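Chains, contacts and geometry: an overview
Below are the chains, spelled out letter by letter.
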Amino acid sequence: MQDNIQQPMISRRDWFKVGACGFGSLAMAGMTAQQSIAGPLAPRMPHFAPKAKRVIFLFMKGGPSQHDMFDYKPRLYADGGKTGKNKQTLLSPLWQFSQHGESGQWMSELLPHLSKQADQLCVIKSMQTDSRAHPLAIPLLHTGSFQSIRPSMGSWVLYGLGNSTENLPGYVTIKPTRTYGGPSNYGSAFLPSAYQATRIGWEGKPVKDATIKHMTSHEVVPGVAGGVLDFAQSMNRRLLARSRQNFEVQGVMDSLDLSNNMQETLPGILDLNRESKPTLDLYGIGNDDTDDFGRQCLMARRLVESGVRFVEVANTGWDQHSGLDVSLPKRCKSVDQPIAALLIDLERRGLLEDTLVFWGGEFGRQPETQILSGKVALGRDHNAKGYTVWLAGGGVRGGLSYGVTDELGYEAVENKVHLYDLHATMLHLLGLDHKKLTYRYAGRDFRLTDLYGNVVHDVIA
Amino acid sequence: MRVSWAGLILFSVSHAWAEDTPAASPEVATPEKNAAGIELFEKHIRPVLIEKCYSCHSQSADSIEGDLELDTSAGLAAGGISGPILDKEKVESSLLLKVLRHEEGVESMPPDEKLDDETILAFKKWISIGAPDPRDSSLPTSQQMRAEEQLKHWAFQPPQASTPPTVAQADWPQGMIDSFILAQLEAKNLQPTADASRETLVRRLYFDLIGLPPTVKDVRQYVEDQSVDAVDRLVDRLLASPRYGERWARHWFDVVRYAESSGKEFNFTYPHAWPYRDYVIEALNSDKPYNEFVREQIAGDLMPEAPYELPANRESRLIATSFLSFGPKRHSSGGTAFRMEIVDDQIDVTCRAILGITVSCAKCHDHKFDPIPTKDYYSLAGIFLSTDPLYGTILQKYSNNPTDLLPIGPNAQAKHDALIEYNKMVEAVEKPLTTKKAELTTVNEAKKTADKNKGAAEKQIAANQEAGIEEDSALKKKLDEAVAAAKIEADNITRLNAEILPLQAAVDELKKKRPPAPAYAMMVRDSAKPADVKVAIRGNLGSRGDLAPRGFLTALQVDDVPEINPKQSGRLELANWMTSKKNPLPARVIVNRIWHHLFGRGLVSSVDNFGLMGSKPTHPELLDTLAVKFMEEGWSVKRLIRAITTSHTYQLSCNSIDQNMQIDPDNKLLWRSSTRRLPAEVIRDAMLAVSGQLQIIPPEGSTVTGLGDKMVRNIDTKKLQPPSNHRSVYLAVVRDYAPEMFDRFDFPSSALVSGSRAVTNTPSQGLFLRNSEFVVEQSSYAARRLLAEKSATDDVSRVDLAVRWVTGRKALTVEYEEALKLIDPIRKSQAEIKDRDVAAWATLFQALFSTAEFRYLVDIDTH
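These numbers were taken from a predicted model, which means no experiment stands behind them. (Residues numbered from 1 in each chain as written. Chains lettered and ligands numbered in written order. Predicted model: local features only at pLDDT ≥ 70, side-chain atom pairs only at ≥ 80, totals over all residues.)

**As for the pairing of strand β1 (residues 54–61) of chain A**
All names here are of chain A. Judged by how many residues are buried, β1 sits mostly within the fold: eight of eight residues are covered. On β1, burial covers both faces: Arg54, Ile56, Leu58 and Met60 on one face and Val55, Phe57, Phe59 and Lys61 on the other are all buried. For β1 and strand β8 (residues 355–360), the ladder comprises six bridges, and the chain directions are parallel. Among the inter-strand pairings, Phe57 is bridged to a residue of β8, identified as Phe358. As judged from the seven bridges shared by β1 and strand β7 (residues 310–316), these two strands associate in the parallel manner. (Buried ≥ 20, exposed ≤ 12 C-beta atoms within 10 Å, placed from the backbone. Helix = DSSP H or I, 4+ residues; strand = E, 2+ residues; numbered from the N terminus. Pairing = 2+ DSSP bridges.)

**Examining the domain arrangement of chain A**
Assigned domains of chain A: these are domain 1 (1–35) and domain 2 (37–459). Here domain 1 of chain A and domain 2 of chain A have C-alpha centroids that lie 30 Å from each other. (Domains from an automatic or database assignment.)

**Here we look at the packing of helix α31 (residues 813–828) of chain B against helix α32 (residues 836–849) of chain B**
Residues and elements named next belong to chain B. Their axes nearest at 9 Å, the elements α31 and α32 cross at an angle of 150°. When the axis of α31 is compared with that of α32, the two are roughly antiparallel. For the pair α31 and α32, the sense of crossing is right-handed. Note on element contacts: α32 touches α31 through Arg836, Asp837, Ala839, Ala840, Trp841, Thr843, Leu844 and Ala847, opposite Ala819, Leu822, Ile823, Ile826 and Arg827. (Axes fitted to C-alpha atoms, helices over the stretch in contact; angles between N-to-C directions. Parallel < 35°, antiparallel > 145°, perpendicular 65-115°, else oblique. Left-handed = near helix turned anticlockwise from the far one by under 90°. Contact = placed C-beta atoms within 7 Å.)

**Things to note about the interface of chain A and chain B**
Contact with chain A, which involves 68 residues of that partner, is made by 75 residues of chain B. Breaking the side of chain A that touches chain B down by element, the ones donating at least two residues are α4 (134–143), α6 (225–242) and α7 (247–270) of chain A. Per-class residue counts for the side of chain A that touches chain B are 32 nonpolar, 27 polar and nine charged. (Nonpolar A, V, L, I, M, F, W, Y, C, P; charged D, E, K, R; others polar.)

**What to know about the confidence of the model for chain B**
All names here are of chain B. On average, residues of chain B score 90 in pLDDT, and 96% of them reach the 70 mark or higher. Here residues 1–29 is modelled with pLDDT under 50, and outside its nearest four sequence neighbours on either side it reaches 32 contacts, counting other chains as well. Per the prediction output, this complex has pTM 0.83; the corresponding ipTM is 0.82. (pLDDT = per-residue confidence, 0-100.)

**What to know about the confidence of the model for chain A**
The share of residues in chain A with pLDDT of 70 or more is 91%, and the mean pLDDT across the chain is 88. For the stretch residues 1–38 of chain A, pLDDT sits under 50, and the model shows 70 contacts to residues farther than four places along the chain or on other chains.

**So, the environment of Leu191(A)**
All names here are of chain A. Mapped onto the elements, Leu191 comes out in the loop between β5 (171–174) and β6 (198–200). Leu191 gets classed as buried once you count the C-beta atoms within 10 Å, which come to 23. Each C-alpha atom, one on Leu191 and one on Tyr439, is 7.6 Å from the other, the two residues being 248 residues apart in sequence. Residues within four places of Leu191 in sequence aside, it is in contact with Pro151, Ser155, Tyr159 and Tyr439.

**Let's talk about the environment of Trp252(B)**
Along the polypeptide, Trp252(B) turns up in helix α11 (residues 242–256). It is 20 Å that separates the C-alpha atoms of Trp252(B) and Asp344(B), two residues lying 92 residues apart in sequence.

**Description of helix α17 (residues 412–467) of chain B**
Residue and element names in this part refer to chain B. The first and last C-alpha atoms of α17 sit 79 Å apart over 56 residues, in line with the 82 Å expected at 1.5 Å per residue. In α17, a bend of some 30° at Glu430 exceeds every other bend along the element, and Pro432, a proline, comes one to four places later. For α17, the set of buried residues is His416, Val443, Ala450 and Ala457. Looking at the packing, one finds that the buried side of α17 touches β2 (406–408) and α18 (473–512). Just downstream of α17, Gly468 is the residue with a positive phi angle, here 75°. (Expected span 1.5 Å × (residues − 1). Bend = angle between axes of the 7 residues up to and from the residue.)

Structure below.
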């Protein structure tokens, strides 16, 4: 059980004073970061020097088909039509692969924009996870567990590092799903609720119309917010004066100031009209196919640029059990240009080097076709034993293709990377030791990677 | 009586062995054979163990791998986490031989080298003659020693009442609690701070006991009451209020993770969880003895009926067992995995909520920190696997294991039966109607086809005529056939319509007569065939170890609980064991929980964990004395709350003392009252109280009931939390979809046991207070209420009243000035403002609602 977060706090101002002297001086003062204000969100030193300071987590819900995008298998082209080892017909990739960039990264023609960024991508082709069912694999990807409700990765990161800005939430999720665990995929479980994500929009609704709750003024009378704040703070100051050493009151005062700052800052950051036309075009905003995801990606960039620690951007519809020929190109089209734009944009702003970008689904797909209602469907079933994700920026080796699946892509066979290893590696890049990032709950120290996880040092630059 | 730990392990080993080997015992050996066996051991076995195995499998190892210890005969016989390593009956099945031979599917031992064949053969021979081991069999393994040591942990010893210590400031204590507190303060050179003012105290008591602010009149009455027993009477009055149960039920709900949906990936609604909510509120209000309260929740269905007992009483005991049914579940799964997941949750919640210990770790291995062997876990699992939870989900498409529910209320069973009967009747009457309607559809189609054919033929004939083509007999025949067919189908349609008419009328009539449905509740009941289960090695259900007879935790020996009735699940005995006066934990745990709620910190600060990883009590004698007294005085929660709140310690101010801050900055020794934040529910209720909108009459049932059996994701979020002015305890508790405000103010996850909530100050709280519709609306209502107040008709008295409502004290002059500065511009603004006065005063309330003084229990300024 966490021992009381209410205990002595130092004020936000003091924190930034002390914070400048580093973590050690705080520890000497006998306080932990958690006791300070902005309280749980105050910046904290990582365990060791980080390569990345923030994360953009691009979640492709459904399980993208690696066979048609990243994991080039010449044998699968050749063997298409034959019976595979799961007794169904092997399905040749429907699109052509070619090599890209100096690294010669293999990518299919479905990703014309992203393939120009091939040298930025560290493509991990030997991913494995513990379930091939969406309802379990999605929470697993986000929280490291489907057995029990556990904090999401973003919450762990925020708990470990705090927020780097006072004026914005530390963890934002854009258009999350309500299915398969819904909010617990970005929840804080037993960590204090301050570590849960701030949500923008829902899956299935255009992000254009989405708002963050309580960010826009809902005052009784417009224009009096300043007066309301002044009155409240004046009362708080008097209370502080007569109840000496009352850190809780200081905490309230700081949180009110910060909420004021946040309300002034955040709407501007989410206002994409402040971007130039060329930038909007770069992301494909205004174009029907790419408008929505382009906006999500651009928001993500604007958020991390302003100091948000962890942003998840979700895209849905990657579950091609049938209609692969029509539906996959459509999905790819909707994300290809925006993601490429995000990488270009981050790089030209000097942000890519310390922003870790993740792309992937909860699992991948099979090399064989699927039988649906007795008929052979042009689609692929789930695959948890071998699938592809990629990382970019934030200290990873761009242009690397890591790990290998068997010749038909059923299973990872070389340099297997389990989901726990991926989590451990991502935390490592952020300067966090996944074995030390723990929280005492129910008499035991919990962590994102449970009892598992090895950092994959080979993917780190 | 306590059985020694080592003894237990040895017992369990021989027990398992006895089960497996009904034949002659190999341990009965002749002296010659014995001597030869010992020689074999000394010559060929022991040296190998020492040289090749001890580095990982002995007390001298850095960490004992796989919990296997080979340096004692007890350890060798017991085996490790993978179970016994010796199979004296089926020698070839011995795990030891398999690992030595580096067989497939087991770990190879030693890991880096394979012993020579001769040595392995010696091991085989040694096992086949019964694995004689001359080492002292009474020597414990290090795990046994650790367990022995763990058993000495303070929380596993029976609580002992102590005489209150004598103190220097003899006139300070108002009762025994104060003596214990003051003694420690004096020992540490701490001076208790000044007493809280009456204004501060009355507000603290109202919020702590009933979760609502005192009215201006309540405050005045108490402040002016000069009688010596003023506090006692106030406490009694608050404890007698029905609002008390509503406030304290929420504390219990945090612990038992009460919710109205299944959570997890699919998150199905539980429309019938709410009767448990009402049960808890009622139990608290009637001050049901805590041991009874717990017993009912674990085994209410098995408890004997009292003579002439009211049916409603018995029903409430059944409802109480919902406690074991509304936990988070994955209804989309099935089989043993689904059942074990429920059992895991039941073991976790009962042990943590009631005993303050975590047992679930023992599922896969002996508990790392507490003396809880894996076998104990499966003894409990047997009890819960012999219990069927009833959770409904009957209409859930994706629920693989729906169950019935308990009909409740007057004539519930009759109503339920009538409804079932009625549904059958509707089905019976609808069946012919459905058939006829289907027939009609077919006939309609046929008629259409005939008409089409007729039309086509006619058209062709006409065209032929036009073109002067001579009559085609085939065509003519076609037309005739089509006409005949159309006629037949037309007749059919008429006939069917005539037949349908009365059937439809009958169905319509029947549907009007739908009998009223009863309400339903969740519960549990014993399964048809209660049985023991075997240990699942490493928690793997496919790999079975020893049988674990149903029972309780061996670390907590209680001798006044009868054996488990083999024909029942064992829950009744479990409930009695859990609440036995001889069980060292339940009274301590609940006393500490109550203390935690009244001081913001438990005497044991890890309120859900009294095990070795938990915190030590700051005042062990006080905790024990309170626990013993609690049991002796009939487990009365109200009595305990009364004793604590009438103590001097509780009634201190928050006032700081510099010297004390140096010694005890965290106020662990309670030299002052800690500044505590009100929980989310209380903040909301207090706003509703100030705005005058609070609907104090409890609602019937829950809004979730009206949603029916649904997946939460398919429900509009607005419908999950429809607007309500009821007290917060009555808002729907849908897992993952807590009301926005609760999320902001640290409402815990309703999937997890949370005896202690986090308290954070975050910007999102500020945003909620500034911009949420709820706060803005309540501010407006408060303004209307203020403007209608006859006792306050000018600005001065209005500001004063507003401040009194929100903070419990009179307004300061400076506040009056600042308030005018805030509201005057609005009143005098040239802009068009609807209900200008209301808007102005609402703005003031919004400001007041966002102050620390509103949501924290602080010292009230009485100057």
